[in-house]
Amino acid sequence: MKISRNWLEQFVDLTGISDQDIASRLTMLGIEIESFENFSEKYKGFVVGSVLEAEKHPKADKLRLCKVDIGGEIKSIICGAPNVAVGQRVPVGLIGALVPHDQHDPEGKPFKLTRAKIRGVESEGMICSAYELDLGDDKDGIMVFEAAAPLGKSLAEYLELNDTILEVSLTPNRADCLSHLGIAREISSAFSKKLAIKKQSLSESGDSITGIAKVEVIAPDLCPRYSARVIKGIKVGTSPQWLKNAVEKVGMRSINNVVDATNYVMLELGQPLHAFDLSLIKGKKIIVRRPLNSETKFTTLDGKERTIGPDMLMICDKEKIVAIAGVMGGMNSEINSETADVLIESANFSPSSIRKTSKTLGLSTEASYRFERGVDPNLTLAALDRVTQIITETAGGKIANGVIDAAAKKFAPQKIELRVEQVNRLLGTRLAAGEIKRQLDSIEIRCEKKSETVLTCSVPTFRGDIEREVDLIEEVARVYGYEKIEDSLQTKLAFDTRFNETDATDELKDFLAGAGFTEIVTNSLQLTNVASFHTDNFVTIANPISEDMAAMRTSLLPGALQTIKLNLSHGLKNMKLFEIGRKYLLSDKSQTVGNFSERNTISLSITGSADPLSYDRKESEFDIFDLKSEIERLLRHLKLDNWDFISYDNDKEYKQSLKLFVNGIEVGIAGRVSEMALENFSIEQSVYFAEIDLSEIASTKKKINRYQPLPKFPFASIDLAFIVNLDTPVGSLMKSLKSIAGNLFRDISVFDIYFGEGIPEGKKSVAFSVVLGSDERTLNDGDIARFIDNAESKLGKEFSAVLRKQKS
Amino acid sequence: MLGEIEKLKAEATASLNQIRTSDDAENFRLKYLSRKGSLAQLFEKLKDVPKDEKPAIGKLLNELRNALESEFESVRKKVEAEKSRQSSKVDLSIPGRRRYVGRKHPLTQTADEIKRIFISIGFGIADGPEIEDDYHNFEALNFPPDHPARDMQDTFFVKSETGKYVLRTHTSPVQIRVMENNKPPVRVIIPGRVYRNEAVSARSYCLFHQVEGLYVDKNVSLAELKGTISFFAKEFFGSDVKLRFRPSYFPFTEPSAEVDVSCFICGGKGCRICKYSGWLEVLGCGMVDPNVYKFVGYDENEVSGYAFGMGIERLALLRYGIDDIRLFFENDLRFLNQF
Ligand SMILES: [Zn+2]
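Please read all numbers here as calculations on a predicted model, not as lab measurements.

## Concerning the overall build of chain A
On a plain count of helices and strands, chain A comes out with 21 helices and 41 strands. Along the longest, intermediate and shortest principal axes, the C-alpha atoms of chain A span 125 × 85 × 60 Å. Counting the 808 residues in chain A, one finds 52% classified as buried. Put simply, chain A shows about 38,200 Å² of open surface, and 48% of that area lies on carbon and sulfur atoms. Treating the 103 positive side-chain charges of chain A as one cloud and the 116 negative ones as another, the clouds have centres 3 Å apart.

Okay, structure coming up:
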């Protein structure tokens, strides 16, 4: 919202207070000033000039050589605008002035005027367009002022722009500050200045309003108050310069002298107003009601046909709808050049009703913005008188005698009790009752002592946001100053142990970084096709920013591939990446929220060389066993021992695909990413990827391991090699050996796999190292021989394995 | 015969002293000690020696063989040791084999630091869902339906036929879940991912991460909130940072404040980063609104508390001097490897 300093001066004396002071103090009162701009500064070096000559440039058809009188001095200026003509009064920028926008720059950056030669002829300044001056969008030609514009006058002064405009960012609770009066009220409190509100004195000279127009409110729940006046015999036309300037410099468009007046008063006092052409109101009666079943369409004054709903509040005449209450008027009753008699509406509407209507219609206006935040119900009459006065001053007419004021009730200040002790308890202060009273008094909240420790506070109706004791406490803190409340830090050093059940995430991140993986963080919003690639049970966004973020991720794979793609494009080929994040699925069971299942998931991606930049080792590409090795390392780190990889068919996402089971529960998948999946990301090298459900494996991690006594007897390590068929799974042989060893089993590893010379066609040799041990005794030769015999015969039976050699 | 023995002894002893390399040693062995060497030849001649001289000459020969063999063995060992000493001289200027170096993401590093600070003053850590119901994300946080405060956060809605669900716009709904499930006092921070329906640019992304804080107990005051936030800011930004608490508005706190820290880039003089104000906005906070207590079944006359929320990306941008939030989510390793 834009606020004019000059306008504020009508309510509060700002002499001696700098723009910066205003900005800082308001900001510290919770009225954030984002920026401010001083127009006298901005338009330094721009003056009103008169075009004396405009001859064609000898070397360029489109350019004209102009002589411009800037008040006693004649400047030679080259101008390319098609509309430049002798006799015009125009804005002239002189050498050294900073032109707000460069018309030839795509971003419209500002530039400084310098003495320049254009095709051999020197130019001593520039005649500007509205766009160049940041006074409008028009780039097609130069601005032309009225003929009476005084020569040589500074532009800021001529346009009444010798002002500072403050850009205010308001929080939604401070509806009372959506006007110059509201901001002036805060300033008067901040600087202890008196707030001066002029009383209007209208000269009502027409017939009594009761004979001219009537108002009936059928829906008082949505319209607590409806006030109106009538002015007859006005003349609609362009606004006088002061009015035009006033609304334009705070960012509104000037329409005509009646509409501008209503906008002016809204900007000044905060009350939205609407003017109807009375001759277009059938039966001269305003009826405030919900629409009839038959009324479903209405054309607003922006020319758009709107579909209206049964709960929207309408302003109607005897036959039809004439406005959508608090949002926008209709074409059918709009002020036009023929309008002579006007009815001015100054009403108060239910905030939630206006908001619903505005949201449903997708139509937000200055009026709806204010109404949905809450407007002072006691403002209607003052605003009505103010706008009536301005209209009669600028458009003439006679004011009908009296005012219509249809109000559901009296709107009295709310009384709220404030306990001094509660103020100090919540703020951590030691304020006395008198101090609190003084703070609240400065923002027009009057307090009486109910007792020594309780104040009864009377909250003015413009502060609709203050409803409770705690709201008053906030006002006390705000006016007293947060900076005066002394810091305290007594937080006892007692950790809240109910909340220390963090999962293994933090610890795993450290482990994986230590294992050479770089952590990535990727978007959890995806293209629908990408989400559906992994499962049909994906979550969809109803209002996505764009199609490529219309679904929640169902796998961390796409984010990893996107990352690999980006880094490959920078010439990086070797990567080890991990991510810990959620994936989101629709579940058939009910979850914490709806049926949305959020699984904390860990992803591992490896691609490129396993041993990059090694000087004496062959560069070997990562393969599936590197991936398995990383997963096994992770599982061992988590002290999980009961795991199993089961290969399964998946030609879609993975080529070599494994499911990971821990304690019999499926917790993840691992594999070589399929060409189809890689193609989507134009990746031409192998990528190995695993995804593990962290919520499944982390839950088993919490236990603290109890100490096991160290073995009393030495272990025996036995190396065994078997000749088996090439397609016999090594994993199955290992499982068999483990079960053969029974309770003597301690560990097993594979130390050699070989086929080719010396081994029969179609066979391979697999060598294992088995560690056996006992808690009761040292194993003897008999134990070991028995194990080898059993292994030989059982593996022989199960896998037709032949024991190859043995050493111990 | 005796003369031959003496000669061999002298000759062998001399050539033993000449042995420098393992080749020399092998030649010596072949010449004197092998099966067809000079010593063996002398033993061969023993059979021609008269019977009565045999024992004495045999003894001499045996003594010579033992002496030569033992001396040769010690010379050979010396030569071998020298050889291995020579061969073990490696070029230590060759660099080590290069291995993968892993790293945590700068957002994780920043979150870790925030967590460390709050855990050090007794905060626990809580967690909650990212897909939230309207009740927890808005209503119970005192955002009534059809209230303009809902415009403060551009919201993603989730398609559903069974209810009104959103991608949480802040971590604050976890405040509600914590209080619903735990009696006061509670003191937690809640890190997590949140979403805003805003166009992606250098300044905003469709998602980001927050750390929420909540402390509810008897007699928790605004002064206590200020003290806690000041402690955090000094730990995080350095002890000479200045703080500014400005009144603000959040539906779930009353009173509410925005907290600015003095710009550590320009030292408060004004620069591009602080938009020439000398201050950097870092977090929002306030005293828990009594309406919130009603929703979670706490007695507002018994307890009071504060809540705060900060954006991890915002703090990381400031901490590392990064000017584009999208860098966090692109995962360019040239970027990630800088932290
Ligand atoms: Zn700065």
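## Points about the environment of Asn 642 of chain A
Residue and element names in this part refer to chain A. Structurally, Asn 642 is set in the loop between helix 17 (624-637) and strand 34 (643-647). Asn 642 sits 608 residues away from Glu 34 along the chain, and the two C-alpha atoms are 61 Å apart. Apart from residues lying up to four places away in sequence, Asn 642 is in contact with Phe 661, Val 662 and Asn 663.

## Overview of the pairing of strand 37 (residues 687-693) of chain A
Residues and elements named next belong to chain A. Extensive coverage of strand 37 is indicated by the burial of 7 of its 7 residues. Neither face of strand 37 is left uncovered, since the one carrying Val 687, Phe 689, Glu 691 and Asp 693 and the one carrying Tyr 688, Ala 690 and Ile 692 both have all their residues buried. Summarising the sheet, strand 33 (residues 596-607) and strand 37 pair through 7 bridges and their orientation is antiparallel. Pairing of Ser 603 across the sheet is with Glu 691, part of strand 37. Note that strand 36 (residues 665-673) and strand 37 share 5 bridges and pair antiparallel. Residue Ile 669 lies in a different strand from strand 37, and its bridge partner there is Glu 691.

## Observations concerning the sheet that holds strand 8 (residues 253-262) of chain B
Taken together, the 7 strands give an open sheet; going across it, the order is 1-5-6-10-9-8-7 (chain B), and neighbouring strands pair in mixed fashion. Strands at the two margins of the open sheet, each flanked by one partner only, are strand 1 (124-125) and strand 7 (243-250) of chain B. Direction of pairing for strand 9 (residues 279-288) of chain B relative to strand 10 (residues 304-311) of chain B: antiparallel, over a ladder of 5 bridges. By the bridge assignment for strand 10 of chain B, Leu 283 of chain B is matched with Met 310 of chain B. Against the sheet, helix 13 (residues 469-480) of chain A touches strand 7 and strand 8 of chain B, its axis set at about 30 degrees to strand 8 of chain B.

## Things to note about the interface of chain B and chain A
In this assembly, 104 residues from chain B lie in contact with 94 residues from chain A. In total, about 8,100 Å² of surface goes out of reach between chain B and chain A, with carbon and sulfur atoms giving 55% of it. Of all residues in chain B, Arg 97, Tyr 100 and Pro 247 of chain B bury the most surface against chain A, accounting for 10% of the area lost on that side. The partner of Asp 487 of chain A in a salt bridge is Lys 226 of chain B, with the nearest N and O atoms 3.7 Å apart. The tally of links between chain B and chain A comes to 45 residue pairs in polar contact (both at pLDDT 80 or more). Here the element with the most residues in the side of chain B that touches chain A is helix 8 (residues 222-237) of chain B; it accounts for 8 residues. Its residues assigned to classes, the side of chain B that touches chain A comprises 46 nonpolar, 26 polar and 32 charged.

## Notes on the sheet that holds strand 20 (residues 314-316) of chain A
All names here are of chain A. An order of 14-17-20-21-22 is seen for the 5 strands of this open sheet, with the pairing classed as mixed. Edge positions in the sheet fall to strand 14 (214-217) and strand 22 (328-329), since each of these pairs with one other strand and no more. Note: strand 21 (residues 321-324) against strand 22, 2 bridges, orientation antiparallel. Across the sheet, Ala 323 pairs through a bridge with Gly 329, a residue of strand 22.

The rules behind the values
- Residues numbered from 1 in each chain as written.
- Chains lettered and ligands numbered in written order.
- Predicted model: local features only at pLDDT ≥ 70, side-chain atom pairs only at ≥ 80, totals over all residues.
- Heavy atoms only, no water.
- Helix = DSSP H or I, 4+ residues; strand = E, 2+ residues; numbered from the N terminus.
- Buried < 20%, exposed > 50% of the residue type's maximum accessible area, 1.4 Å probe, protein only.
- Areas by Shrake-Rupley, 256 points an atom, 1.4 Å probe, with all protein chains shown as cover.
- Lys, Arg positive; Asp, Glu negative; His and termini not counted.
- Charge placed at Lys NZ, Arg CZ, Asp CG, Glu CD.
- Contact = heavy atoms within 4.5 Å.
- Pairing = 2+ DSSP bridges.
- Axes fitted to C-alpha atoms, helices over the stretch in contact; angles between N-to-C directions.
- Buried area = accessible area lost by both parts, 1.4 Å probe.
- Salt bridge = Lys/Arg side-chain N within 4 Å of Asp/Glu carboxyl O.
- Polar contact = N/O pair within 3.5 Å; in protein donor to acceptor, adjacent residues only side chain to side chain.
- Nonpolar A, V, L, I, M, F, W, Y, C, P; charged D, E, K, R; others polar.

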